[in-house]
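An overview of the molecular structure
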Amino acid sequence: GMAAFYPDEEAEDIAGYYSMRHYPFLAAGAFCDGQLISAGYISAGTPRNALLAGVATDSSCRNRGYASSVVSELCRIAFSRGMERLSLWPEPEAEHLYRALGFRDDGWYTMFRRN
């Protein structure tokens, strides 16, 4: 499972990968009436690959598209910075959200940058 996120031959070293030296921490959130109600972040990245994590939405605001907006924005930012692949391991009840956004189930859920 985790092998997909280890540095490839172009990464300088394991420590650089885990310290996110190549790509800074990226986060996005959705707000309603000034309150943060949905958020997600990219927890680790090499120059080409990143792990999406921590996607959560307030229970009173679910199924309204907030998480989809957050994940879409994280993908947009990451891909605009040159990342080529984003992956995550969603809760089973959220798999439909990622499929609808274009992630494919390959053991994890993965989206590739479209050329």
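Just above sits the structure.
Overview of the structure. (Residues numbered from 1 in each chain as written. Predicted model: local features only at pLDDT ≥ 70, side-chain atom pairs only at ≥ 80, totals over all residues. Heavy atoms only, no water.)

A few words on the pattern of salt bridges. Tallied over the full model, the rule gives 3 salt bridges. A salt bridge links Glu73 to Arg76; its shortest N-O distance comes to 2.8 Å. Of this pair, Glu73 and Arg76 both sit in helix H2 (residues 66-80), 3 residues apart, roughly one helical turn. Judged by its relative accessible area of 31%, Glu73 is partly exposed. Taking the shortest distance from any N to any O, the salt bridge between Arg99 and Glu95 comes out at 3.8 Å. Of this pair, Arg99 and Glu95 are both found in helix H3 (residues 95-101), 4 residues apart, which corresponds to roughly one turn of the helix. (Salt bridge = Lys/Arg side-chain N within 4 Å of Asp/Glu carboxyl O. Helix = DSSP H or I, 4+ residues; strand = E, 2+ residues; numbered from the N terminus. Buried < 20%, exposed > 50% of the residue type's maximum accessible area, 1.4 Å probe, protein only.)

Moving on: the packing of aromatic side chains. Centre distance and the angle of the planes are the two values used to describe a pair of aromatic rings. For the structure on display, the rule yields 2 aromatic pairs. Aromatic pair Trp89 and Trp108: ring centres 4.9 Å apart, planes at 45°, arrangement tilted. With Trp89 in the loop between strand E4 (85-88) and H3 and Trp108 in the loop between strand E5 (104-105) and strand E6 (109-112), the pair connects residues that are 19 residues apart, well separated along the chain. You can call Trp89 exposed: its relative accessible area is 65%. Using a relative accessible area of 10% as the deciding quantity, one classes Trp108 as buried. Here Tyr98 and Phe103 contribute two aromatic rings whose centre-to-centre distance is 5.5 Å and whose plane-to-plane angle is 90°, an arrangement assigned as edge-to-face. We classify Tyr98 as buried; its relative accessible area is 4%. (Phe/Tyr/Trp six-rings, centres within 6.5 Å; stacked < 30°, edge-to-face > 60°.)

Attention shifts here to the nonpolar core. Core analysis: the largest hydrophobic core is formed by 22 residues, its most contacted members being Ile42, Leu52, Leu74, Cys75, Leu86, Tyr98 and Phe103. Among the elements of the structure, strand E1 (26-32), strand E3 (49-57), H2, E4, H3 and E6 are those that each provide at least two residues to this core. In terms of residues, this core owes the most to one element, H2, which gives 8 residues. (Core = buried A, V, L, I, M, F, W, Y, C linked by side-chain atoms within 4.5 Å.)

As a further point, take H2. Between its first and last C-alpha, H2 extends 21 Å over 15 residues, near the 21 Å set by a 1.5 Å rise per residue. Once H2 finishes, Gly82 follows within two positions and takes phi at roughly 100°, a positive value. (Expected span 1.5 Å × (residues − 1).)

By the definition in use, this model includes 0 disulfides. Not part of a disulfide, Cys32 finds its nearest cysteine sulfur in Cys61, a span of 6.0 Å. (Disulfide = S-S within 2.5 Å.)

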